[in-house]
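# What the coordinates show
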Amino acid sequence: MRILLTGATGFVGRALSLRLQRDGHTVVAWVRDPAAAQQVMGADVVRVAATADDKALDGLMSEVDAVVNLAGEPIVGQRWSPAYKRRLTASRVELTQRLAGSLARVSRDGRPRTLVSASAVGYYGERGDERLGEQSPAGADFLGQLCQAWESATTAARDAGVRTALLRLGVVLGPEGGALAKLLPPFSLGLGGPIGSGRQWMPWIHLVDLVELITTALGDARYAGAINAVAPEPVTNGELARTLGRALGRPAVLPVPSVLLRLALGESAVTLLGSQRVEGRRLAELGFVYRFSTLEAALYEVVGRDRGVRLGPIDTLPDHDYVRRRRPRYLLSQTTYIERPIDEVFRFFSAAENLGAITPPALAAIIRTPLPIALAEGAVIDYTIRLGPVPMPW
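A brief look at the structure comes next.

Before going further, it helps to examine the sheet that holds strand β4 (residues 66–69). The strand order β3-β2-β1-β4-β5-β7-β11 describes an open sheet built from seven strands, whose pairing is parallel. Sheet topology places β3 (46–49) and β11 (225–229) at the edges, where each strand pairs with a single neighbour. The mean inter-strand angle of the sheet, taken between neighbouring strand axes irrespective of direction, is 20 degrees. The pairing of strand β1 (residues 2–6) with β4 spans four bridges and is parallel. Directly across from Ile 3, in β4, lies its bridge partner Ala 66.

In structure tokens form, the structure reads like this:
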């Protein structure tokens, strides 16, 4: 399939793009800056500027088979000033309305068959210990109303007969981004702990399972309407803190006082202190199979010490002038298994343009050598990476 993807350079979008390419699909990324997107998405992704007018968007829609909409400004960790609330609304509701309108305008024979659009469990608002399923009503707070409007923005597409799956995402756990990116530094130092009382429920899902869910929804006609994209075992924030501490081998007993969060974040503190005991009832009915159904399994996979990396003494050295002049004492190696034919794998890893796609996002790799680059023995690629706030040439 040819799939239009918004939010393609984000935490979930990057992982989904690689998975779709692995499965043989063509990814068309609708991005604000196509040149910058190439640095993080690689050579094989088609990039289209989101600044294109409606006529150009309609033309693009007629050339794709499905749409995945993941776009949206960050909600957590930002104060919700009136101006920022407008940005949240524009990046979710208005953008989704534009996509849905385009889907409706394209002729029935030429339009995509499927729209998978993100929402969030914030739809339910602050609900304490109440068990929540897809039929539970929306919350009355800002986040609940935002998510309700976000989902309603797909109406034009649904009315035009486009199968629409609305995924209400829980907290996404995965390496190199998402919620854990901010939690890992203090927890790794033994300075982590529960947020507020720790009794608030926190629906979550592993990145691998979310990517699997989206790819399944693209091809399975049963996936339509609201679907809670959460793991089958909801946990409290306190349980998350304790489990993450165990996975890291560190204590996790220093709480973050709720009063400090409210002072720092104002209204948006509800994203950390609010409680939603959300259950994935539709996924259970559909028979979706999770790879990580428990929080312990998910966190140990994300932060586990054994990720195929080995450091040990060197038995044999390659015959090369460099190592003869600077004989090393240890060898650092990593093994990664990729379920694709070796010629496809070699083609991907031998394309210099894919360097950014396989570099951890936190390093912000940017290739400085003009593209395209002919990769051969002796070739030199100049790029920059970022270590914390410091950019470095490499």
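Pairing in this open sheet of three strands is antiparallel, and the strands run β16-β17-β18 from one edge to the other. Both outer strands of the open sheet, β16 (366–367) and β18 (390–393), are each paired with one neighbouring strand and no more.

What follows is about the packing of helix α3 (residues 54–61) against helix α4 (residues 82–105). Interhelical geometry of α3 versus α4 gives an angle of 65 degrees and a closest axis separation of 9 Å. Handedness of the crossing formed by α3 with α4: right-handed. From α3, Asp 54, Leu 57, Asp 58 and Met 61 reach across to α4, where they touch Arg 98, Leu 99, Ser 102, Leu 103 and Arg 105. A per-class count over the contact of α3 with α4 returns four nonpolar, one polar and four charged.

Once that is clear, we can look at the environment of Gly 388. Turning to its location among the elements, Gly 388 is positioned in the loop between β17 (383–387) and β18. With a relative accessible area of 55%, Gly 388 lands in the exposed category. Along the backbone, Gly 388 and Leu 240 are 148 residues apart, and their C-alpha atoms lie at a distance of 26 Å.

Rules used in this analysis
Residues numbered from 1 in each chain as written. Predicted model: local features only at pLDDT ≥ 70, side-chain atom pairs only at ≥ 80, totals over all residues. Heavy atoms only, no water. Pairing = 2+ DSSP bridges. Helix = DSSP H or I, 4+ residues; strand = E, 2+ residues; numbered from the N terminus. Axes fitted to C-alpha atoms, helices over the stretch in contact; angles between N-to-C directions. Left-handed = near helix turned anticlockwise from the far one by under 90°. Contact = heavy atoms within 4.5 Å. Nonpolar A, V, L, I, M, F, W, Y, C, P; charged D, E, K, R; others polar. Buried < 20%, exposed > 50% of the residue type's maximum accessible area, 1.4 Å probe, protein only.

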